[in-house]
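Results of the structural survey
Each chain, written out:
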Amino acid sequence: MSISRAIEPITADDDAIRAALGDAFLPALIPALAQVTGDLSLLREDLRPPAMVPGAPQGGMSDSQQAAAKALAFEALKAIRDGGVPAPTHSIEDDLRAITGWMNGTPASDEYIPLLVEELAPGDEDPRAPKWRYDGKTPFHVVIIGAGMSGILAAIRVKQAGVPFVVIEKNEDVGGTWFENTYPGARVDVSNAFYSYSFAQKMDWPKFFSPQGVLLEYFRDCVVEYGLRDQIRFNTEVLSAAFDEQRCVWSVRVRTPDGREESIEAQAVISAVGQLNRPKLPEIAGRDAFAGPSFHSARWDHSVDLKGKRVAVIGTGASAAQFIPLIANDVAELDIYQRTANWFFPAPTYHDDVPAGLSWLFLHVPHYMHWYRFWLFWNSTDGLLPAATVDPAWPHPDRAVSEANDQVRALLTMYLQAQYAGRPDLLAKILPSYPPTAKRVLIDNGAWAETVKRENVHLITDAINEITPNGVVTADDEERAADVIIYGTGFQASRFLTPMKVTGRGGVDINEQWDGDARAYMGITVPNFPNFFMLYGPNTNIVVNGSIIFFSECEVQYVLGCLHLLLEEGHRAMDCKQAVHDAYNARIDAANRLRTWGASSVNSWYKNDRGRVAQNWPGNLIEYWQQTVAPNPADYAFL
Ligand code: NAP
């Protein structure tokens, strides 16, 4: 099996090409054709998509622009069919300048171009692959903890550099979150073209936003394609990792599938355990007294038949918003306990198949999928950040943090008002009071409104007092009977690395050092823990701009740079300097306070018990990319 299916030659007749163009996404097709034909005159000024309205069909192109763009594309496709693909005449950098200029009116600045070349990763190139190879002269072995999205990525890169490694995975299969979350309706809420590795683009995603099973298959396929399966130890859990300062070696203690304990030595450890891995059950009195079945969304009990049952769901975050519409039809009564309302962002294609014509174009137009991904990257990332930025002079901080944020609020409010027209009772419960983007904005195609309007569904916003053997009691002392309780209550996101025990120099325990307030340099390294690298560590989550895979690719690039530095310079270990780490974190904290999620007091998993934003990256993508391109040796003490 291959992730990146080879582009097939165009043999279709004119009518079939015209039919396929009916499904084309034109703002990315025109750039793809301009690049592949070398004819940059296809980037006609009169066809330029208007100023970006996120989510607007065809980038907001008018009907006449679309018709003209299709006519142009038809001629270009015929030329490729009849004459083949010409040899490239421009550098990819020149193409990027011309194409970003067409997309936005001004070309990308020079500082962005190297990042964009990497993200675009056109053709068979893999610009982020390590450009060095381990020479085997110094003993070096890496333990990677976790075979989810980040762990697989780390394994691919470490293997490409030729460094010996093993991946330890507690589950019986790869996939991490996409293996564990099997609840009905689980799917990615970032478009797949973007939520996938830059270097392993799949041309034939069946849907724009893939369901869990398709993503699990993608990650399994990556493991096969990169030959990783034999280096993964499944059903094996890491219990602890301890640094031996004398020898500069990590001892990683694991529980094997047969229940024994064993130690594995490594010169470096890469932790890829995720932030959203340990389910959180709410501290509600009487929780364990409930007589019926109950389970968390990430541990869905498929043996419980919900048909005809009275079901209570506690929590209305991203997970619950996906499974509630799927079960509402089956259950007799559904009580949804909502503590904080969500903002919803309209995404009409959220559940849609990729139409046949667009699939055909992805498989027949060289690099079209890459440019489609690029369009998403370029238009849905850093451009969204200003609307999440605090203006200290803005006079209405309760409802928004700035004028731009207030405009987003107005747009999203209109969306909700339209959905709940004639239902002021529901609108009052659904409309959030906090600024949009202070919590994750949920992707929606109307399914949520349809569900909560159902006769058998009850949206309850009274606080929960207790759980009894028979159901849930709210603050007004009403007991609502339930046969099953489902917790969509999120994860222990702030408790990084737990329940593993990680001890560094001087025997210090990482969680004692953090004292409930996890921090790291770049989210990756922590003083006193030499050669211990975290992926998706503190302050590397994003709220509005980008895909978490982008961050993992940056982090892995940095870690590989660290391994190269160690091996090339003959150091045994590198330890982040405390002052560097502290100054970095002071900058992160100050920047997070100027984002909606830091300024607003609304509940969210982005803040730890101390109220610090321990999860989120506050900056734009290029800043994170620039700081992780390569380690600065001056930031580290070498042992
Ligand atoms: P979550 O966003 O943390 O939501 C937890 C929900 O449970 C919230 O509604 C929360 O209310 C509620 N809750 C927690 N404790 C409660 C209590 N004691 N009483 C009443 N309600 C309580 O968790 P999640 O939905 O699992 O999502 C977590 C993250 O995972 C998302 O933000 C997203 O990053 C990721 N995710 C992604 C996808 C995707 O890509 N498709 C899908 C699912 C999840 P409050 O809001 O008041 O705290």
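Everything here concerns the structure above.
Report on the accompanying structure. (Residues numbered from 1 in each chain as written. Predicted model: local features only at pLDDT ≥ 70, side-chain atom pairs only at ≥ 80, totals over all residues. Heavy atoms only, no water.)

1. Brief notes about the site of the ligand
Around the ligand, a shell composed of 23 residues is seen, among which Arg 187, Ser 319, Arg 339, Thr 340 and Lys 439 lie nearest. Take Arg 187: an N or O atom from its main chain is 2.3 Å from a nitrogen atom of the ligand. Here Gly 488 contributes a backbone N or O atom positioned 3.2 Å from an oxygen atom of the ligand. Relative to its free-state accessible area of 900 Å², the ligand is covered by the protein chains to the extent of 86%. (Near = heavy atom within 4 Å. Polar contact = N/O pair within 3.5 Å; in protein donor to acceptor, adjacent residues only side chain to side chain. Areas by Shrake-Rupley, 256 points an atom, 1.4 Å probe, with all protein chains shown as cover.)

2. Observations concerning the pattern of salt bridges
Taken as a whole and assessed by the stated rule, the structure comprises 42 salt bridges. The salt bridge involving Asp 173 is made with Arg 229; its shortest N-O contact spans 2.9 Å. Taken together, the positions of Asp 173 in the loop between β2 (165-168) and α7 (177-180) and Arg 229 in the loop between α8 (212-225) and β3 (232-233) put the pair 56 residues apart, joining distant regions of the chain. For Asp 173, a relative accessible area of 8% translates into the label buried. (Salt bridge = Lys/Arg side-chain N within 4 Å of Asp/Glu carboxyl O. Helix = DSSP H or I, 4+ residues; strand = E, 2+ residues; numbered from the N terminus. Buried < 20%, exposed > 50% of the residue type's maximum accessible area, 1.4 Å probe, protein only.)

3. Overview of the environment of Asp 398
Along the chain, Asp 398 turns up in the loop between α11 (368-379) and α12 (403-419). As for Asp 398 and Val 613, which are separated by 215 residues in sequence, their C-alpha atoms are 19 Å apart. Other than its neighbours up to four places away in sequence, Asp 398 contacts Ser 433, Tyr 434 and Pro 435. (Contact = heavy atoms within 4.5 Å.)

4. So, the pairing of strand β4 (residues 237-244)
Of the pairings in the sheet, the one linking β4 to strand β5 (residues 249-255) comprises seven bridges and is antiparallel in character. Bridging across to β5, Asp 244 finds its partner in Val 249. Hairpin connection from β4 to β5: four residues lie between these consecutive antiparallel strands, with Cys 248 at a positive phi of about 55 degrees. (Pairing = 2+ DSSP bridges.)

5. Things to note about the pairing of strand β15 (residues 471-474)
With three bridges connecting them, strand β14 (residues 464-467) and β15 associate as antiparallel partners. Residue pairing in the sheet places Glu 466 in a bridge with Val 473 of β15. Count of turn residues in the β14/β15 antiparallel hairpin: three residues. In this structure, β15 lies alongside strand β16 (residues 479-481), joined through three bridges in antiparallel fashion. Bridging from a neighbouring strand, Gly 471 pairs with Ala 481 of β16.

6. Looking at the packing of aromatic side chains
Counted according to the given criterion, the structure contains 30 aromatic pairs. Measuring from ring centre to ring centre gives 5.3 Å for Phe 209 and Tyr 350, while their planes differ by 85 degrees; the resulting arrangement is edge-to-face. Here Phe 209, found in the loop between α7 and α8, pairs with Tyr 350, found in the loop between β11 (344-346) and α10 (356-364); they are 141 residues apart in sequence, far enough to count as distant. Accessibility classification places Phe 209 together with Tyr 350 in one group, the buried group. Among the aromatic residues, those joined into a cluster by ring pairs are Phe 194, Phe 377, Phe 550, Phe 551, Trp 617 and Tyr 624. (Phe/Tyr/Trp six-rings, centres within 6.5 Å; stacked < 30°, edge-to-face > 60°.)

7. Remarks on the sheet that holds β16
As summarised here, the arrangement of the three strands in space is β14-β15-β16, forming an open sheet in which the pairing is antiparallel. Every other strand in the sheet has two partners, leaving β14 and β16 as the edge strands with one partner each. Averaged over all pairs of adjacent strands, the angle between strand axes in this sheet comes to 25 degrees, irrespective of strand direction. (Axes fitted to C-alpha atoms, helices over the stretch in contact; angles between N-to-C directions.)

8. A look at the nonpolar core
Leu 33, Tyr 195, Tyr 197, Phe 219 and Tyr 368 are the most contacted members of the largest nonpolar core, which has 132 residues in total. The element that contributes the greatest number of residues to this core is helix α16 (residues 548-569), accounting for 14 residues. Both domains that furnish three or more residues to this core are identified here as domain 1 (14-108 + 354-380) and domain 2 (142-278 + 493-631). Ignoring any residue separated from it by four or fewer positions in sequence, one finds Leu 33 in contact with Gly 38, Leu 42, Ala 73, Ala 76, Leu 77, Ile 80 and Val 365. Membership of the second largest hydrophobic core comes to 38 residues, among which are Tyr 183, Val 311, Tyr 415 and Val 452. (Core = buried A, V, L, I, M, F, W, Y, C linked by side-chain atoms within 4.5 Å. Domains from an automatic or database assignment.)

9. Observations regarding the sheet that holds β4
If you walk across this open sheet you meet the four strands as β6-β5-β4-β18, and the pairing is mixed. Of all strands in the sheet, those bounded by a partner on one side alone are β6 (261-266) and β18 (501-503). Direction aside, neighbouring strands of the sheet carry axes that sit 20 degrees apart on average. Two elements, β4 and β18, share three bridges in a ladder whose sense is parallel. Bridge assignment links Ala 241 to a residue of β18, and that residue is Val 502.

10. Quick word on the packing of helix α6 (residues 149-160) against α16
Describing two packed helices takes the angle between their axes plus the distance from one axis to the other. The geometry of α6 relative to α16 is characterised by a closest axis approach of 10 Å and an angle of 40 degrees between their N-to-C directions. Where α6 crosses over α16, the handedness of that crossing is right-handed. Facing α6, whose interface residues are Met 149, Ser 150, Leu 153, Ala 154, Arg 157 and Val 158, α16 presents Ile 548, Ile 549, Ser 552, Glu 553, Val 556, Leu 560 and Leu 563. In terms of residue class, the contact of α6 with α16 is built from nine nonpolar, two polar and two charged. (Left-handed = near helix turned anticlockwise from the far one by under 90°. Nonpolar A, V, L, I, M, F, W, Y, C, P; charged D, E, K, R; others polar.)

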